[in-house]
Structure formats: structure tokens, C-alpha cells
Amino acid sequence: MTPSQYTPEEPISSIATALAPAALGIVRTSGKDCIELVSKVFSRPKALLEAGGNTLVYGWIVDKADSNDDGHKIDEVMLAVYKGPKSFTGEDMVEIFCHGGPAVVTAIQNLMLKIGFRQANRGEYTFRAYINGKTDLTRAEAVKEIIDSHTDASRSHAAGRLSGSLFAEIDSIKKLIIDTLASIEVEIEYPEDEETIADTFDRKDIELAISRLQSLVDSWKGEKLYQDGARVVLAGRTNAGKSSLFNAILKEERAIVSDIEGTTRDWLESWASINGIPVRLFDTAGLRETEDVVEAQGVQISRNLAQDADVVLYLVDGREGLNEEDREFIEKCTEPLIVVYTKADLASGKTFPSVTISSKTGSGMAELYEKIIAVITAGVSTERQQAGLGSARQKEAVAEALECVKHALVSADDNYTLDAVVQDLEDAIDFLGEVTGDVTPDDVLGSIFANFCVGK
Ligand code: GDP
């Protein structure tokens with residue numbers, strides 16, 4: 001979506017909930033005349049047309065064009081009515097709360113298309129909210145982020161941005177820069193005999209802006225980890241206990257645990273939370289020489305997965321210890337690797353220089369989690385800050401703004417012209433404007449909203 005693709009006259013609709021059996025489903029509509037349009041297929045049109053904003057109206061969705069005299073009843077619903085500008089998009093909206101079966105929501109959405117709505121594009125509701133000044137770009141991006149969150153900690157970081165923490169921080173940094181620009185403008189209008197250009201403004205403001213921009217840039221690595229998660233791959237010989245550990249971390253019986261070698265021939269993956277950090281966990285086929293073609297492929301896939309891992313947990317049966325095959329894998333592995341000795345409950349008395357766990361009793365798991373976190377957060381600040389960045393796009397723009405402000409300070413210290421300093425500071429404001437969406441090129445907007453889901 002870009003501003004040139006924005007068609008405010010056009011009523012849009014889409015299914016806003018997952019297509020799966022559920023108690024409730026929602027079909028969302030927005031745009032000019034959307035209330036009148038829905039009233040044409042509603043059992044109580046007058047009640048809907050007379051409803052105030054932010055109210056609920058009970059009735060049935062009916063296909064009045066259906067041959068049946070009463071109108072073909074589709075579902076019993078509640079309509080949430082919003083009157084622009086007091087709505088998510090800033091336009092008139094009706095949200096249809098129906099039963100959550102895929103057939104129900106699809107029938108209602110198809111009816112909406114039949115009566116004149118257009119299928120909404122990805123992120124079109126949020127895009128309209130942004131265009132209509134209901135949200136800035138940091139909050140719009142946080143909408144997608146909160147939907148995509150894999151752990152509660154990720155959700156909480158996204159919620160901070162959704163409630164405007166990043167917008168407020170950027171706005172306050174902008175104010176420091178604008179105050180400085182104002183002092184310089186005064187100097188340009190009414191020159192006094194300042195010793196240096198740096199004397200014309202409060203240096204502390206600019207230094208503060210630099211340190212706050214730097215904190216924002218530094219926050220990105222940690223925030224990215226909370227969004228994308230880390231890839232943790234379980235590898236090791238067959239029967240080392242990989243599937244058991246996979247299940248123990250997920251706290252559910254996902255993988256088949258068996259003594260029969262070669263049970264996991266493919267790989268399994270699932271999201272898990274390790275101390276709040278989202279982790280994509282992979283259970284791979286056991287490493288062993290095999291004649292079985294399918295299993296051999298699985299073994300090759302395990303090796304490939306290990307190559308893309310942020311950390312490999314290499315499992316070794318604690319009763320047996322390392323053998324040649326293990327040593328070879330560990331030596332060849334180029335990614336960070338933690339050797340995990342398993343079945344501690346059976347291998348009593350044996351201790352190893354690495355971590356020793358039992359998936360059965362849970363012993364050693366807390367220590368294992370700490371070790372995993374230490375590897376995946378190496379060099380990353382995961383401490384919760386007042387405001388953190390929510391996307392690579394934001395990080396690039398803030399880093400540019402930081403460079404401009406730093407350059408302005410150097411120019412002032414070197415006593416360049418006032419114009420040079422002004423130019424740097426104005427550039428910084430523009431970059432910060434890109435983050436919040438005051439000035440954002442069309443193609444950037446297009447790529448932001450293209451990643452949204454339909455209905456949001
Ligand atoms: P994989 O082939 O590496 O995935 O190994 P599995 O997880 O399927 O485990 C192989 C066998 O070891 C199964 O019989 C498991 O029940 C057993 N096992 C795995 N972890 C433990 C553990 O911590 N304690 C005990 N006692 N048995 C375990």
C-alpha cells in the first residue's frame with residue numbers, strides 16, 4: 001500500500017480472524033457508506049442505520065437476494081458500529097461478530113463482496129489508520145509486531161511500542177534538535193559576537209540527543225532477538241535423547257520418543273520460550289551411518305540445520321560419553337555448540353565439564369537454559385529500556401539521524417558555517433520523521449504494509 005493506492009471512497013472488507021473452528025469469527029469492514037451497505041444484508045436495517053458510534057447491534061446476516069422469501073439466514077451476529085473519525089481506520093466501520101466456523105465467516109465475506117465491498121489488501125486497515133492520522137508509523141509497525149509475537153516478553157516489548165513509547169522518545173529527541181536549530185536561527189537573524197558556533201546553542205542538548213539516539217540504535221540487536229528468536233538445533237547420535245529434550249523444553253509430547261534408532265527421520269520444529277526469549281527449536285534425525293536412503297537424507301538435513309543454527313545443542317548419552325563420531329561432528333561444527341550430557345538419572349555419579357541434564361527428572365535444565373541464553377545473547381543487550389526500536393527500517397533511519405547529529409557537533413566545534421550545522425540537524429530531523437512516518441517515501445510504506453496480514 002502506498003498513499004497513491006489509497007482510495008478513501010472505497011468500502012473494503014475481509015475476514016479478520018483465523019479460518020478455523022472457533023467460538024467467534026470476525027468480518028471487518030471499513031470505508032464510505034459501509035454502514036448502509038451492511039444494512040442491506042442485515043435483518044434489522046433500521047436499527048443499524050440509527051445506531052450511534054461505538055455501539056453493538058444484534059441481528060442476523062441475511063442474503064436478501066436469495067430466492068427464499070424470508071431471505072436466506074446466514075448467521076446470528078453482533079455488529080460493532082464505529083463512526084469515523086472515532087474508529088481504528090478513522091472511517092466508518094462495521095465489524096461483524098459471527099460464529100467462528102470457516103464456512104460461516106467465508107459466507108459472510110462472500111456476501112460482503114457481492115454487495116459492493118472490495119476485498120481489503122494486506123494491512124489496509126492499519127494503512128488507512130496511518131493515512132488518516134490515527135496512528136504514526138512506529139505504532140502501525142507495532143500492530144504487526146504484536147500479532148507476530150512468539151513469547152510473552154516479545155508481546156510486552158511490542159505493546160510498549162504500540163502504546164507509543166518509541167514515538168514519544170523520538171519526539172522528545174526531535175525537540176532537543178529543534179530547540180538547537182531555533183537558537184542557531186536566532187544567531188543567523190541577529191548575529192552576536194559569539195566566539196565559536198558551538199556557543200550559539202546549548203551543547204548539552206545535542207550531546208543528550210546523541211546519547212539517546214545511540215541507546216536506540218544499541219537496542220535493536222536485543223529487540224530483534226525478541227522478534228525473530230534464535231535457532232536452536234538439537235543434534236547428536238540416535239538415542240542420545242534429542243526428542244526427549246525437545247519435548248521437555250516444549251513441555252508437551254510433540255516428538256516421538258523411542259529406543260528404535262532412526263525414529264526421527266525428518267526434523268521437527270516448534271517455537272519455545274527460553275527465559276522469555278523466543279527460540280525456534282529443531283529436533284533433527286540422529287547422526288549415524290545408515291543404508292536407509294530416507295534416513296540418510298534426514299541425517300544430511302540435520303547437518304544443514306546445524307550450520308544455520310544460532311546454537312547447536314549436541315546431545316551425548318551420559319552413560320556412554322563421547323565417541324569418535326561425536327568428536328568429529330563437534331570439531332567440524334562452525335556454529336556455537338554446547339555439549340549436553342543426557343540421562344543424568346541413569347548415569348549417576350558421572351559429571352562432565354559441560355552441562356548434564358535429565359529430560360525425565362528435569363535436573364540440569366535451568367543450567368542448560370542459562371547456557372543457551374548466554375550464547376544467544378552474547379554481545380546483545382536484552383535489558384528492558386524505556387524505548388527500543390521495532391524494525392530494521394527504524395534502526396537504519398535512527399543510525400542515519402545519529403550520524404547527522406554527530407556531524408553537526410563536529411562542524412560546530414570546527415567552526416564551520418552555521419549553514420552546515422543547520423543542514424546536518426535538518427537532515428537528522430528528516431531521518432527521524434521517516435521513523436514516525438512524517439516523511440516516508442512511498443516505496444518504504446509499500447514494503448511495510450505488504451508484510452501485514454489481511455484484515456489488519
Ligand atoms: P533421540 O533418538 O536422540 O531423539 O532419543 P529419544 O529422545 O527418542 O530417547 C531415546 C531413549 O532414551 C528413549 O527410550 C528415552 O525414553 C530415553 N531417554 C531420553 N532421555 C532420557 C532421560 O533423561 N532419562 C532416561 N531415563 N531416559 C531417557
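Refer to the structure presented above.
Note that the structure is a prediction, hence the values are computed from the model and not measured.

*Asks:* Lay out the environment of Lys242 with the relevant residues and their values.
*Replies:* Relative to the assigned elements, Lys242 resides in helix H9 (residues 242-250). Each C-alpha atom of the pair Lys242 and Thr284 lies 7.7 Å from the other, and the pair is 42 residues apart in sequence. Sequence-distant contacts of Lys242, defined by excluding residues within four places in its chain, comprise Leu234, Ala235, Gly236, Arg237, Asp283, Thr284, Ala285, Gly286 and Leu315.

*Asks:* Pulling in residues and values, what's your account of the sheet that holds strand E2 (residues 24-30)?
*Replies:* Sheet architecture is open: six strands sit in the order E3-E4-E5-E2-E1-E6, paired in mixed fashion. Strand pairing shows two members of the sheet lacking a second neighbour, strand E3 (55-63) and strand E6 (118-119), which therefore form its edges. Summarising the sheet, E2 and strand E5 (residues 93-99) pair through seven bridges and their orientation is antiparallel. Pairing of Val27 across the sheet is with Ile96, part of E5. Seen against the sheet, helix H4 (residues 124-131) touches strand E1 (12-15), E2, E5 and E6 and runs at an angle of roughly 135° to E1.

*Asks:* Give a detailed account of the packing of aromatic side chains, specifying residues and quantitative values.
*Replies:* A complete count under the given rule lists four aromatic pairs for this structure. Among the aromatic residues, ring-to-ring pairing joins Phe127, Tyr130, Phe449 and Phe452 into one connected group. Sitting over the ring of Tyr125, Arg28 keeps its end group 5.1 Å from the ring centre. One residue, Arg139, lies across the ring of Phe167, its end atom 4.8 Å from the ring centre.

*Asks:* Describe the sheet that holds strand E8 (residues 267-274), with residues and values.
*Replies:* Spatial ordering of the open sheet is given by E8-E9-E7-E10-E11-E12, a layout of six strands whose pairing is mixed. This sheet does not close on itself; its edge strands, each paired only once, are E8 and strand E12 (355-356). Lying on the sheet, helix H12 (residues 365-376) is in contact with strand E7 (230-236), E8, strand E9 (277-284), strand E10 (311-317), strand E11 (337-342) and E12; it crosses E10 at an angle near 150°.

*Asks:* Explain the packing of helix H13 (residues 392-413) against helix H14 (residues 418-436) to me, and be specific about the residues and the numbers.
*Replies:* At a minimum axis separation of 8 Å, H13 and H14 run at an interaxial angle of 165°. Comparing their axes, H14 and H13 come out roughly antiparallel. The way H13 lies across H14 gives a crossing that is left-handed. Mapping the contact onto sequence places Arg393, Gln394, Ala397, Val398, Glu400, Ala401, Cys404, Val405, His407, Ala408, Ser411 and Ala412 in H13 and Val421, Asp424, Leu425, Asp427, Ala428, Phe431, Leu432, Glu434 and Val435 in H14. Per-class residue counts for the contact of H13 with H14 are 13 nonpolar, three polar and five charged.

*Asks:* Can you lay out helix H3 (residues 102-114) for me, pointing to particular residues and giving the numbers?
*Replies:* Compared with the 18 Å implied by 1.5 Å per residue over 13 residues, the 18 Å span of H3 between its first and last C-alpha is a close match. Where H3 terminates, the next one or two residues include Gly116, which has phi positive at roughly 125°.

*Asks:* Which residues make up a negative patch on the surface, and what values do they have?
*Replies:* Taken together, the side chains of Glu185, Glu189, Asp419, Glu426 and Asp430 define an acidic patch exposed on the protein surface. Of all the secondary-structure elements, those providing two or more residues to the negative patch are helix H7 (165-189) and H14. In terms of residues, the negative patch owes the most to one element, H14, which gives three residues. In this structure, Asp419 sits in helix H14.

*Asks:* An account of helix H8 (residues 203-228) is needed here, citing residue identities and associated values.
*Replies:* Spanning 26 residues, H8 covers 38 Å between terminal C-alpha atoms, matching the ideal 38 Å at 1.5 Å per step. Roughly 35° is the biggest bend found in H8, and it falls at Trp220. For H8, the side-chain oxygen to backbone nitrogen distance between the N-cap and Lys204 is 3.1 Å, and the N-cap itself is Asp202. Within two residues after H8, Gly229 carries a phi angle of roughly 75°, on the positive side.

*Asks:* Go over the nonpolar core, please, and point to the residues and values.
*Replies:* Core analysis: the largest hydrophobic core is formed by 35 residues, its most contacted members being Ile177, Leu216, Val398, Val405, Leu425 and Leu432. For this core, the secondary-structure elements that each account for two or more residues are H7, H8, H13 and H14. The leading source of residues in this core is H13, at nine residues. If we skip the residues at most four places from it in the chain, Leu432 touches Ile170, Ile173, Lys174, Ile177, Leu213, Val398 and Ala401.

*Asks:* Lay out the pairing of strand E4 (residues 72-82) in plain terms, naming residues and giving numbers.
*Replies:* Judged from the nine bridges that link them, E3 and E4 form a sheet pairing that is antiparallel. By the bridge assignment for E4, Thr55 is matched with Val81. Sheet topology places E4 next to E5; five bridges connect them, and they run antiparallel. Opposite Ala80, over in E5, you have Glu95 as the bridge partner.

Thresholds applied
Once a new chain begins, its residue numbering starts again from 1 and follows that chain's sequence as written. With the structure being a predicted model, the display of local features is reserved for residues of pLDDT at least 70 and the display and counting of side-chain atom pairs for 80 or more, all residues being used for whole-chain, interface and lining totals. Where side-chain values are given, they derive from all heavy atoms of the structure, hydrogens and water being excluded. Secondary structure follows DSSP: runs of H or I at least 4 residues long count as helices, runs of E at least 2 residues long count as strands, and numbering of each begins at the N terminus. A contact between two residues is defined here by any heavy atoms of the two lying within 4.5 Å. Should DSSP find at least two bridges between two strands, the strands are taken to pair. The convention used is that axes are lines fitted to C-alpha atoms, helices contributing only their stretch in contact, and that angles between N-to-C directions extend from 0 to 180 degrees. Two rings from Phe, Tyr or Trp (for Trp, the six-membered ring) form a pair when their centres are within 6.5 Å of each other. A pair whose planes differ by under 30 degrees is stacked, one over 60 is edge-to-face, and the rest are tilted. Charge over a ring is defined by NZ of Lys or CZ of Arg lying within 6 Å of the ring centre and within 35 degrees of the ring normal. Put simply, angles under 35 degrees are roughly parallel, angles over 145 are roughly antiparallel, angles from 65 to 115 are roughly perpendicular, and the rest are oblique. Note on convention: near helix rotated counterclockwise from far helix by under a right angle means a left-handed crossing. Clockwise means right-handed. Classes in brief: Ala, Val, Leu, Ile, Met, Phe, Trp, Tyr, Cys and Pro nonpolar; Asp, Glu, Lys and Arg charged; the others, Gly included, polar. Working rule for helices: expected span equals 1.5 Å times residues minus one. Surface patches are drawn from residues lacking salt bridges whose relative accessible area is over 30%; two like charges belong together within 9 Å, two nonpolar side chains (Val, Leu, Ile, Met, Phe, Trp, Tyr) within 5 Å. A 1.4 Å probe and the Shrake-Rupley method give the accessible areas. Residues count as covered only by the protein chains that appear here. Salt bridges are defined as contacts in which a side-chain nitrogen from Lys or Arg sits within 4 Å of a carboxyl oxygen from Asp or Glu. Lys and Arg are tallied as positive, Asp and Glu as negative. Neither His nor the chain termini are counted. Positions of charges follow a simple convention, taking NZ of Lys, CZ of Arg, CG of Asp or CD of Glu. Two axes enter the bend calculation: one fitted to the seven residues ending at the residue in question, the other to the seven starting there, and the bend is the angle between them. Identification of polar contacts relies on pairs of N or O atoms within 3.5 Å, with a donor-acceptor requirement for protein atoms, meaning one able to donate a hydrogen and the other able to accept it, and with residues adjacent in sequence counted only if both atoms are side-chain atoms. Buried Ala, Val, Leu, Ile, Met, Phe, Trp, Tyr and Cys residues that are joined via side-chain atoms within 4.5 Å together make up what is termed a nonpolar core. The rule is simple: take the accessible area with a 1.4 Å probe, protein chains only, and divide by the maximum for that residue type; under 20% is buried, over 50% is exposed, in between is partly exposed.

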